Amino acid sequence: MTAVSVERLVTINREQGLHARPALELVNAVKASGLSVTIASPGMPAVNAGSLLAVMSQGFVQGAEVLLSATGEGSDAVLERAAEILSVSD
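Here's a quick rundown of the structure. Computed from a prediction, not measured in an experiment: that's the story for all the values here. (Residues numbered from 1 in each chain as written. Predicted model: local features only at pLDDT ≥ 70, side-chain atom pairs only at ≥ 80, totals over all residues. Heavy atoms only, no water.)

1. A word on the packing of helix H1 (residues 20–33) against helix H3 (residues 75–87)
For any two helices packed against each other, one specifies the inter-axial angle together with the distance between the axes. Axis separation between H1 and H3 bottoms out at 10 Å; the angle between their running directions is 175°. Taken together, the axes of H1 and H3 lie roughly antiparallel to each other. For the pair H1 and H3, contact is made by Pro-22, Glu-25, Leu-26, Ala-29, Val-30 and Ser-33 and by Val-78, Arg-81, Ala-82, Ile-85 and Leu-86, respectively. Considering only residue class, the contact of H1 with H3 consists of 8 nonpolar, 1 polar and 2 charged. (Axes fitted to C-alpha atoms, helices over the stretch in contact; angles between N-to-C directions. Helix = DSSP H or I, 4+ residues; strand = E, 2+ residues; numbered from the N terminus. Parallel < 35°, antiparallel > 145°, perpendicular 65-115°, else oblique. Contact = heavy atoms within 4.5 Å. Nonpolar A, V, L, I, M, F, W, Y, C, P; charged D, E, K, R; others polar.)

2. With respect to a nonpolar patch on the surface
On the surface, a nonpolar cluster with roughly 220 Å² of combined accessible area is contributed by Leu-24, Leu-52 and Met-56. Mapping Leu-52 onto the fold places it in helix H2 (residues 52–56). (Patch = residues over 30% accessible without salt bridge, like charges linked within 9 Å, V, L, I, M, F, W, Y side chains within 5 Å. Areas by Shrake-Rupley, 256 points an atom, 1.4 Å probe, with all protein chains shown as cover. Salt bridge = Lys/Arg side-chain N within 4 Å of Asp/Glu carboxyl O.)

Now the structure itself:
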């Protein structure tokens, strides 16, 4: 059986971009899912969305579009949760 891979393009709507608190919320959601999830600006290399250092090092700002990718059963649900975290306005 082939693993399910899902991608979703999301716009960061947080006023301060993806700063420490929402980045940690994202990382915790990814870790809780147990899935392999990445985040990237389009055209840039993807980083592990389960690593706070990797996510914070990208400097994602308000209005930036990011590509979320996940592999495994439950990918849709984890990307939905990640999209909620990124798109909520502060």
